[in-house]
Structure formats: C-alpha cells, structure tokens
Amino acid sequence: MKNLIINKWFVLLFLFSLSSCEELLLDKKPLVGTTLDNFYQTEADAVSAIHAAYATLQFEMSPEGHFRWFWGDIMSDDAVKGGSGDNDQPLLAALEQFQGPVNTGYLAAEWAADYEGINRANIVLEKVPAIVMDEKLKKRILGEAYFLRAWFFYNLVTIFGDVPKVDRLLSPSEYKMPRSSAESIWNLIESDLTIAVSNLPLRSQYTQADLGRITKGAAQGLLLKSLVWRKKWAEAKKVGEALISSGEYKLEPDFNRIFTKAGENGVESVFEIQYMTESGGNWGNNNNNEGTFTNVFVRARGQFDGFGFNIPTKSLVDAFLATGTEDPRLKATVFRVGEPMGDRGIFTKEATGGYPHDYYGKKYFNNRSEQATFGDPNPNGGTNDRVIRYADVLLLFAEASFQSGDQTSARNALNQVRARVKLPEITSSGNTLLEAIYNERRLELALEGHRFFDLVRTGRAVSFLGPLGYKENIHKVFPIPQSQIQASNGAVTQNQGY
C-alpha cells in the first residue's frame, strides 16, 4: 500500500491542490485543456483522486510541524517539549504551559492540512459517483473518502471545537464560511463513518498489495472513538461489539513488537498511516513527502542524531511503577539511562550531548540501519503512525460497557489487554473499575497521542493538568489560528478565553 498510494496521486496534487475555504482558495489556473470538471471521467481518474486524498494523511510539515503527539502528548502530563532548550520552538513551549498565542504556525498548519484533506475527500465524493466504472471499486473508493473526511473533521473538532463545516465543494461566495457548532461537526462525522462502514471491505478481503488501505474495521474504530467522545455509550458499545466479534483483529502477542519495523500493519493494526524511507523527501513545505519526521524529532540528540522532542515525564514513568512492580510495557515505551538505543549506542546523558533528560520515547524510535539509503534520512523516516490499535478498541469498549451498566464486559475487555503483558486480572467494580480502565489507557497507549484528549473528554483534565496551567473553560480546545480569522474577515471567530 505504501508504494501503491505514493506512486499514483501526483497528477491530482499538481492539478487540483485547492486550498481550504479559510485560506481563500487561491485562483489557480489549470494545465492546458484540463479542468476540475473534465478530469474525472475514467476509473483511473477515480483511483488517482482517492490516492490524492490519502496523501494528506502524511502531511506533517505543511509548512510547520503539527504532529499528533504535539497535541496529545506534549500538552498532557505524559511528556514535555524537550528539544535543545527553552529557545527551541518557544511557541510550542508556550502552548504546553497553556499560555500559547493564537498565531502559531503549528495550529495554522494543522488547520490547513485537515481542510486540504477534507477538500480532496469532497472532490472524490462529488466527482466519482458520475464516473462509469466498476461499481464495487466505486463503492470502496467512496467509502474511503467518507472515512478520510470524517478523520480530518475528527482532528479539527477535537482540537478546535466549532469549525467551518465544509461538507461539499464550495462556490466562491462560500469561501468565507463561519464556524458550525461542534455538535453539527460530530453529526457529520458519525454520518460519514456510518456510510464508510457499509461501503468498505473487511481487512481480510483486501489483497497484500492493498495492505494499509482504509477498512471497514478502521471506520468502525473511528466511529467507536467518536461515539465514546460524545458519551453515546449504548451505541458505542454496539459498534465495539461488532468490531470485536468480526474476528479481523487480535492483540499482538508480544507488546515489544508492535512499534518495530516488523510490527507494521500487524494483527493489532486497525488504522495505520503509512510512511516509507525511500521517498526522497526533503525539508520545506513537505506536502509531497511520504516519509515521517517523527523519527528524527523524538530521537535523542548527540550521537543519536535526533532533535530530542516529546520527552517522557517522571509522572508517566512513575505510573508504570505505581504498583511496586514494573509494568512490562515500560521498556517498550521509554528509554532510560544505561539502556541501548537500538543500534545507535547506549543511552547516557553525555552521549545525548549533555542534555539533562532521564528518559526518551521509544515507540517511534528508528534504528540507523532502518534509515533511507539515499538523500537526507531526516525527512524520510519510515515508521508508520499507529493511530488506532486493537488495544485502543478494547479499552474504549470497556469504557462504553462500564458506562452502559455492563461491568462484566468492561472487566473482560480490560483484562484482555492486561493479560497480553501478564498483569493480574482486575476484579474490582464501580468507580475503581472505571479508574482502572482510564489508567490502562494511559499505560497501554502512552506517547501515541491520546492522553490530552482522554483527559479532556473524561472531564479529568483539571485534576491532572491544572497544576500546569490548564483551565477547563478555555483549554479543552485550542485557539483558532489568527491567520484564519483574518483571512475570513472575521467570519471565523476565536474560541473563548484566547
């Protein structure tokens, strides 16, 4: 799937790289004889269109960084910014202290990338239905587009709250669109994912050449996450049951294998963004890259050739040690002083260039032997982004089951995750069981971009992040990029408190 997507979408990227409505849709002249209306005529055009939409999943530096771990980890109690010090990405430091300004390029890049993905999905949804082509393939392509649109709106609504609902290709008079309520965005996400579930094949129905494509299970997984966020417990439990009973996924027996090269697209992978090392990518506005920057950003500095961001906190490490016995997942999650960092050497503070950090993240670490064999290896990391794992599904199902009054199913799902790493069963009930589910999510999914959002949606952010400056009536959403407010002449408004 990495090669399949990468090699086929370029034609649309250059022909129809339309900006979002908030960027005022620059007037772009098409190549001679080709327009948005006359390009979408054949099955090959439909395939190119969906590959162009897939490509936006890989946008990380467009033009500034907007990684999932920026928002989910650094903004939480699981990680701090890191880098070379306070003057390295100071606006990111301000954000993590809940003092961030509203004009950061990080937030503007996140907003623009998500709306670019939505725009490309909208092109597919508007243009592909009229194409005479294989109907089974058409159904799948439309299902993929519905999922992708839902995914990018999911990012926007969980980060920003109310956002413009661009659910179609816009006319020029609509470019300065105001924000819609978060509720209406969630309704669109739920509707899109319901259609995607009905359109998409099971993972087992894809060939090896299509490995990494959006599946029915991926749509069910994102729908489950959305329903849990909305506290639609009974519906979430039903979706979770369907996904679990499908038999398409299981827990990877060895937790340590999940984030290795060999663990990509494994039995536990529900939704995984594909990256490759040999993409030939480079620095700059990296909308054309198929490699990830996460590898270089999270690796230690010094002899480890990284930038040293997303540093695990003592609070996170202590959570793995809270029972008095070390949780087996700690060694697969965090590097500690004295441990080997793959084939790059032993972790000492001197080897990192003298930086004071006691810990570095391990899940997105890549070995030197896994780097690109040509060009600059830094923008060509090959580690896939494990967005939804089966363990995430089981723990969300456990939460939905508990909230629906089915504590037996909640315990069973929770204990499946614990059994994988040979931890004792949880036998408790009531609030103690719910807290155990929450704690399991922190440990199982640490440094995968979930923690901040889990704290916000469960109403626990003030308890854990209040000492860091978090205020519930302000910081449960991020500031709307000031550039988008200005571009819309004020039609897009700012979030409360910013």
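Keep in mind that this is a model prediction, so the values were computed, not measured.

Engineer: Explain the overall build of the protein residue by residue, including any values.
Structural biologist: Looking only at helices and strands, one finds 21 helices and six strands in the protein. Radius of gyration (C-alpha) of the protein: 22 Å, near the 23 Å computed for a compact globule of 498 residues. Structurally, the protein occupies a C-alpha span of about 70 × 50 × 50 Å along its principal axes. In the protein, of all internal contacts separated by at least 6 residues, the share reaching a separation of at least 24 is 70%. Of the roughly 18800 Å² of accessible surface on the protein, 52% is carried by carbon and sulfur atoms.

Engineer: Help me get a handle on the nonpolar core, residues and values and all.
Structural biologist: If you look at the biggest cluster of nonpolar residues, it comprises 126 residues, and the most contacted ones within it are Phe-147 and Phe-271. For this core, the element with the highest residue contribution is helix H8 (residues 135-160), accounting for 16 residues. Setting aside its immediate chain neighbours within four residues, Phe-271 contacts Leu-57, Phe-147, Trp-151, Ile-214, Ala-218, Asp-385, Arg-386, Val-387 and Ile-388. Ranked by size, the runner-up nonpolar core spans 11 residues in total, among them Val-317, Phe-320, Leu-330 and Leu-443.

Engineer: Before we move on, can you summarise the packing of helix H15 (residues 390-403) against helix H16 (residues 407-420) with the specific residues and values?
Structural biologist: Across the interface, H15 lies against H16 with an axial gap of 7 Å and an inter-helix angle of 155°. One finds that H15 runs roughly antiparallel with respect to H16. For the crossing formed where H15 meets H16, the hand is left-handed. Here H15 contributes Ala-391, Leu-394, Leu-395, Phe-397, Ala-398, Ser-401 and Phe-402 to the contact with H16, which in turn contributes Gln-407, Ser-409, Ala-410, Ala-413, Leu-414, Gln-416, Val-417 and Arg-420.

Engineer: Describe the pattern of salt bridges, and please don't skip the residues or the numbers.
Structural biologist: Across all of its chains, the model carries 42 salt bridges by this definition. We note a salt bridge from Asp-210 to Arg-213, for which the minimum N-O separation is 3.0 Å. Among the residues examined, Asp-210 registers a relative accessible area of 15% and is labelled buried. Among the salt bridges present, the one from Glu-268 reaches Arg-389, with a minimum N-O distance of 2.6 Å.

Engineer: Requested: an account of the packing of helix H4 (residues 43-55) against H8, with residues and values cited.
Structural biologist: One can describe the packing of H4 onto H8 by two numbers: an axis separation of 10 Å at closest approach and a directional angle of 20°. Classified by the interaxial angle, the pair formed by H4 and H8 is roughly parallel. Judged by the twist between their axes, the crossing of H4 over H8 is left-handed. Along the contact surface, H4 presents Glu-43, Ala-46, Val-47, Ile-50, Ala-53 and Tyr-54, while H8 presents Leu-137, Ile-141, Glu-144, Ala-145, Leu-148 and Phe-152. Looking at side-chain class alone, the contact of H4 with H8 contains 10 nonpolar, no polar and two charged residues.

Engineer: I'd like a description of the environment of Asn-380, backed by residues and values.
Structural biologist: Note that Asn-380 resides in the loop between strand E5 (359-361) and strand E6 (385-389). Residues Asn-380 and Gly-72 lie 308 residues apart in sequence; the distance between their C-alpha atoms is 23 Å. Excluding its chain neighbours within four sequence positions, the residues that come into contact with Asn-380 are Met-276, Thr-277, Ser-279, Gly-280, Gly-281, Gly-291, Thr-292 and Ala-372. A polar contact of 2.8 Å, which involves the side chain of Asn-380, links it to the backbone nitrogen of Gly-281.

Engineer: Residue-level account of the packing of aromatic side chains, with values.
Structural biologist: One pass over the full model with this rule turns up 29 aromatic pairs. On the numbers, 5.2 Å between centres and 80° between planes, the contact of Phe-259 with Tyr-364 is edge-to-face. Separated by 105 residues along the polypeptide, Phe-259 in the loop between helix H11 (233-245) and strand E2 (269-273) and Tyr-364 in the loop between E5 and E6 bring together distant segments of the chain. Classification of Phe-259 as buried rests on a relative accessible area of 11%. We classify Tyr-364 as buried; its relative accessible area is 10%. Relative to Phe-307, the ring of Trp-283 has its centre 6.2 Å away and its plane inclined at 35°; by these criteria the two rings are tilted. Here Phe-307 lies in the loop between helix H12 (294-298) and strand E3 (309-312) and Trp-283 lies in the loop between E2 and H12, a separation of 24 residues in the sequence.

Engineer: An account of H16 is needed here, citing residue identities and associated values.
Structural biologist: The terminal C-alpha atoms of H16, which comprises 14 residues, lie 20 Å apart, in line with the 20 Å expected from a rise of 1.5 Å per residue. The complete set of buried residues in H16 reads Ala-410, Arg-411, Ala-413, Leu-414, Asn-415, Val-417, Arg-418 and Arg-420. Turning to H16, the residues buried within the fold contact E6, H15 and helix H17 (430-444). Two residues or fewer past H16, Lys-422 is found with a positive phi of approximately 60°.

Engineer: Just give me the short version of the confidence of the model for the protein, but keep the residues and values in it.
Structural biologist: Summing up the model confidence of the protein, the mean pLDDT is 92 and the portion of residues at 70 or higher is 92%. Taken together, the stretch residues 3-33 has pLDDT below 50 and engages in 75 contacts with residues farther than four places along the chain or on a different chain.

Engineer: Break down the side chain of Asn-380 for me, with residues and values.
Structural biologist: Taking the relative accessible area as the measure of exposure, Asn-380 reaches 1% and is therefore buried. In this structure the side chain of Asn-380 is engaged in a polar contact, spanning 3.2 Å, whose partner is the backbone nitrogen of Gly-280.

Engineer: Can you explain the environment of Leu-224? Please cite residues and give values.
Structural biologist: As for its position among the elements, Leu-224 is in helix H10 (residues 216-229). A C-alpha to C-alpha distance of 8.8 Å links Leu-224 and Lys-238, two positions 14 residues apart in sequence. Leaving out residues up to four positions away in the same chain, Leu-224 has contacts with Ala-236, Val-239, Gly-240, Val-393, Leu-396 and Phe-397.

Engineer: Account for unusual backbone geometry, naming residues and giving values.
Structural biologist: Of the consecutive residues Ser-62 and Pro-63, the connecting peptide bond is found in the cis state with omega at 0°. Mapped onto the elements, Pro-63 comes out in the loop between H4 and helix H5 (68-74). Residue Gln-89 is not a glycine yet carries a positive backbone phi of 60°. One can find Gln-89 in the loop between strand E1 (79-82) and helix H6 (90-96). Judged by its relative accessible area of 32%, Gln-89 falls in the partly exposed class. At Asn-310, a position not held by glycine, the phi torsion is positive, near 60°.

Cut-off values and rules
- Residues numbered from 1 in each chain as written.
- Predicted model: local features only at pLDDT ≥ 70, side-chain atom pairs only at ≥ 80, totals over all residues.
- Heavy atoms only, no water.
- Helix = DSSP H or I, 4+ residues; strand = E, 2+ residues; numbered from the N terminus.
- Rg over C-alpha atoms; globule rule 2.2 N^0.38 Å.
- Contact = heavy atoms within 4.5 Å.
- Areas by Shrake-Rupley, 256 points an atom, 1.4 Å probe, with all protein chains shown as cover.
- Core = buried A, V, L, I, M, F, W, Y, C linked by side-chain atoms within 4.5 Å.
- Buried < 20%, exposed > 50% of the residue type's maximum accessible area, 1.4 Å probe, protein only.
- Axes fitted to C-alpha atoms, helices over the stretch in contact; angles between N-to-C directions.
- Parallel < 35°, antiparallel > 145°, perpendicular 65-115°, else oblique.
- Left-handed = near helix turned anticlockwise from the far one by under 90°.
- Salt bridge = Lys/Arg side-chain N within 4 Å of Asp/Glu carboxyl O.
- Nonpolar A, V, L, I, M, F, W, Y, C, P; charged D, E, K, R; others polar.
- Polar contact = N/O pair within 3.5 Å; in protein donor to acceptor, adjacent residues only side chain to side chain.
- Phe/Tyr/Trp six-rings, centres within 6.5 Å; stacked < 30°, edge-to-face > 60°.
- Expected span 1.5 Å × (residues − 1).
- pLDDT = per-residue confidence, 0-100.

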